[in-house]
Amino acid sequence: NLIRACAIAGARLHLAGPVWPAYLEELKKMPEFACVDYAGVVPYAEVPEYCRHFSVGCATLLNIHQYVCTDNLPTKVFEYMGAGLPSIVSDTLSARELEEKFGCCVCVDPDKPEELAAGRSRAPGGHGRARLRRAANPLQLADRGEKAAGAVRRAAVSQRRMIHAG
């Protein structure tokens, strides 16, 4: 769905990480795969530099029963926060709280490519992008002592590690 969403939005999709070769070959058969830049496995030390080229991260969870509770946030959201990137995330209670209070994400239904595409265009555009980028800084959120401070502090620690590693 994410590949289809980026094709709909006319956006490049930068993917990194391990993938089963057979699955990658299956994805490459999709006409929409033309919008994908697959980097393979990026060494952890190079991730901060790699993320500097993006305007938004995506960390959606499909409802395919791989999670006991869908009212959570993927670790990837905190990594994107640590990199100063706003995120497109699955619409859960926790994600809605981040969206409403901090403006650092956009909630979508990951089963709908059109909604993912609309989320991408909402997140990085114009004034919204600046607001999202500022709010995405977990160090600032942790310093403000907000309710979600525990999760935000973990993201802040991640950001400090990324800064020191980069």
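Quick notes on the rules
- Just so you know, the residues in each chain are numbered from 1, in the order the chain's sequence is written.
- For a predicted model such as this one, the threshold for reporting local features is a pLDDT of at least 70, and the threshold for listing and counting side-chain atom pairs is 80 or more; totals across whole chains, interfaces and linings nevertheless cover every residue.
- Note: side-chain values were computed over all heavy atoms of the structure, leaving out hydrogens and water.
- By nonpolar core we mean a set of buried residues, namely Ala, Val, Leu, Ile, Met, Phe, Trp, Tyr and Cys, connected to one another through side-chain atoms within 4.5 Å.
- Burial classification: accessible surface area is computed with a 1.4 Å probe over protein chains only, and a residue below 20% of its type maximum counts as buried, one above 50% as exposed, and the rest as partly exposed.
- Every helix listed is a DSSP run of H or I at least four residues long, and every strand listed is a run of E at least two residues long, numbered separately from the N terminus.
- Only heavy atoms matter for contacts: two residues are in contact if any of them lie within 4.5 Å across the pair.
- In this scheme, strands are said to pair when DSSP sees at least two bridges between them.
- Look down the strands so they point away from you; if going from the first strand over the helix to the second traces a clockwise path, that crossover is right-handed.
- Here the axes come from fitting lines to C-alpha atoms, over the contacting stretch only for helices, and the angles between their N-to-C directions go from 0 to 180 degrees.
- Each residue carries a pLDDT score, the predictor's own confidence in it, on a scale running from 0 to 100.

**Some details on the nonpolar core**
One finds Leu73, Val77, Val89 and Leu98 to be the most contacted residues of the largest nonpolar core, which totals 16 residues. The set of elements that each furnish at least two residues to this core consists of α4 (75-82), α5 (93-102) and β5 (105-108). Broken down by element, this core gets its largest block of residues, 4 residues, from α4. Aside from chain neighbours lying at most four places away, what touches Val89 is Ala59, Thr60, Val77, Ala95, Cys105, Val106, Cys107 and Val108. Formed by 10 residues, the second largest nonpolar core is a distinct cluster that contains Ala11, Leu27, Met30 and Val36.

**A few points about the pairing of β5**
The two faces of β5 match: Cys105 and Cys107 on one face and Val106 and Val108 on the other face are all buried. Relative to β5, strand β4 (residues 87-90) runs parallel, the two being bridged by 4 bridges. Across the sheet, the residue bridging to Ser90 is Val108, located in β5. Handedness of the β-α-β unit built from β4, α5 and β5 comes out right-handed.

**A look at the sheet that holds β4**
Pairing is parallel in the open sheet, where 3 strands are placed in the order β3-β4-β5. Unpaired on one side and paired on the other, β3 (57-59) and β5 mark the two borders of the sheet. Neighbouring strand axes in the sheet, compared pairwise and without regard to direction, differ in orientation by 25° on average. Packed on one face of the sheet, α4 meets β3 and β4 and runs near 165° to β3.

**A few points about the confidence of the model for the chain**
Taken residue by residue, the chain gives an average pLDDT of 75. The fraction at 70 or more is 66%. Ranking the elements of the chain by mean pLDDT puts helix α7 (residues 126-135) last with 43 and helix α2 (residues 21-28) first with 95. Residue range residues 124-131 is modelled with pLDDT below 50. Its contacts to residues more than four positions away, or to other chains, number 7 contacts. This model gives residues 162-166 a pLDDT under 50, and the stretch forms 6 contacts once residues within four places in sequence are excluded.

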